[in-house]
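One letter stands for each residue in the lines below.
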Amino acid sequence: MSLPIAVFISGGGTTLRNLIAWQQRGQLDVDFRLVISSAANAKGLEFAAGESIPHQVITKTQFADDKAYSEAMFQPCRDAGVKLVVMAGFLKHVLIPTDFENRVVNIHPSLIPSFCGAGMYGSRVHQAVLDFGAKLSGCTVHFVDNDFDHGPIIAQHACEVRGDDTAASLAARVFERECDALPRVVQAIAEGRVSVTGRRVHTQSTERSS
């Protein structure tokens, strides 16, 4: 049985499009129940509509506080029978309800705990990597808690930082890693191969789970 998921987006929807492509190739055993965007002009909404995935826009400014915003984001997920929420370029801070603890995943374009936290997203991350002179960057897939880029780490994929890199060229190389890392983690969760103890996440290999 496919894992029912919701995808939270804020912008271009390239990560959503990648997840859809993996599913259509038979490599990702999920059922897209819902897409929620934090912005009405997010291009990712077009991808959702094109695949007949139910979608809606919920802007944070509609709500008086974080608790009300969180309820507005997660109640539709409950109503749709969602078992996992995937943040795919979702830029808003949202509180994670108790019933969704370790059931929300995010991908961040650096090797956490470096170059992460409030305000660190998109080209800002990659420029910070270059300014610091780091030799490695990459992406991190992690469970989401109530702090920015803080939840237990599930997987990290590294790539080199080249001497002639710009923020744009490094972003493109990191995104290649993201396009592989996130679907693989979601598939492992769909197969029941991911477990969490405190901050430690264990992912069984496919050999052990077969």
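I will try to describe carefully the structure that is included in this document.

Glancing now at the packing of aromatic side chains. Applying the stated rule across the entire model yields five aromatic pairs. An angle of 55 degrees between the planes, with centres 5.3 Å apart, marks the rings of Phe-8 and Phe-90 as tilted. One end of the pair, Phe-8, is in strand S1 (residues 3-9); the other, Phe-90, is in the loop between strand S4 (84-87) and strand S5 (104-108), with 82 residues separating them in the sequence. As far as burial versus exposure is concerned, Phe-8 and Phe-90 are alike and both buried. Arranged with centres 6.0 Å apart and planes meeting at 45 degrees, the rings of Phe-63 and Tyr-69 form a pair that is tilted. Take Tyr-69: its relative accessible area is 0%, and that puts it in the buried class. Following the ring pairs from residue to residue traces out a cluster consisting of Phe-8, Phe-74, Phe-90 and Phe-100. Lying over the aromatic face of Phe-100, Arg-103 brings its terminal NZ or CZ to 4.2 Å of the ring centre.

Moving on, we come to the pairing of S5. Taken across its five residues, S5 has five buried, putting it largely inside the fold. Judged by which residues are buried, S5 turns out to be covered on both faces: Val-104, Asn-106 and His-108 on one side and Val-105 and Ile-107 on the other are all buried. Of the strand pairs in this sheet, S4 and S5 are connected by three bridges, and their pairing is parallel. Each residue of the ladder has a partner; that of Val-86, found in S5, is Val-105. Pairing of S5 with strand S6 (residues 136-143), which is carried by four bridges, proceeds in the antiparallel orientation. Within the sheet, the bridge partner assigned to Ile-107 lies in S6 and is Val-141.

What follows deals with unusual backbone geometry. The amide bond that connects Ile-112 to the next residue, Pro-113, takes the cis arrangement and shows omega of 20 degrees. Positionally, Pro-113 belongs in the loop between S5 and helix H4 (123-132). A positive phi angle is found at Ser-52, which is not glycine, with a value near 55 degrees. On the secondary structure map, Ser-52 appears in the loop between helix H2 (44-50) and strand S3 (55-57). Phi angles above zero are rare outside glycine, and Phe-115 is one such case at about 55 degrees. One can find Phe-115 in the loop between S5 and H4.

This next bit is on the packing of H4 against helix H5 (residues 167-190). Running from N to C, H4 and H5 cross one another at 110 degrees; their axes reach a closest spacing of 9 Å. Considering the angle they form, H4 stands roughly perpendicular to H5. Two secondary-structure elements touch here, H4 through Ser-123, His-126, Gln-127, Val-129 and Leu-130 and H5 through Ala-167, Leu-170, Ala-171 and Val-174. By residue class, the composition of the contact of H4 with H5 is six nonpolar, three polar and no charged.

Tracing the backbone shows Ser-110 in the loop between S5 and H4. For Ser-110, the side chain forms a polar contact with the main-chain oxygen of Ser-114, separated by 2.6 Å. Setting aside anything within four residues of it in sequence, one finds Ser-110 in contact with Phe-115, Cys-116, Val-125, Ser-137, Gly-138, Cys-139 and Thr-140.

Applying the stated criterion to the full structure yields 10 salt bridges. Taking the shortest distance from any N to any O, the salt bridge between Arg-177 and Glu-176 comes out at 3.8 Å. Exposure remark for Glu-176: the relative accessible area of 54% places this residue in the exposed category. Note that Glu-191 is salt-bridged to Arg-193, the shortest N-O span being 2.6 Å. Several salt bridges converge on common partners, so that one network encompasses Glu-71, Arg-78 and Asp-99.

Procedures and definitions
Residues numbered from 1 in each chain as written. Predicted model: local features only at pLDDT ≥ 70, side-chain atom pairs only at ≥ 80, totals over all residues. Heavy atoms only, no water. Phe/Tyr/Trp six-rings, centres within 6.5 Å; stacked < 30°, edge-to-face > 60°. Helix = DSSP H or I, 4+ residues; strand = E, 2+ residues; numbered from the N terminus. Buried < 20%, exposed > 50% of the residue type's maximum accessible area, 1.4 Å probe, protein only. Lys NZ or Arg CZ within 6 Å of the ring centre and 35° of its normal. Pairing = 2+ DSSP bridges. Axes fitted to C-alpha atoms, helices over the stretch in contact; angles between N-to-C directions. Parallel < 35°, antiparallel > 145°, perpendicular 65-115°, else oblique. Contact = heavy atoms within 4.5 Å. Nonpolar A, V, L, I, M, F, W, Y, C, P; charged D, E, K, R; others polar. Polar contact = N/O pair within 3.5 Å; in protein donor to acceptor, adjacent residues only side chain to side chain. Salt bridge = Lys/Arg side-chain N within 4 Å of Asp/Glu carboxyl O.

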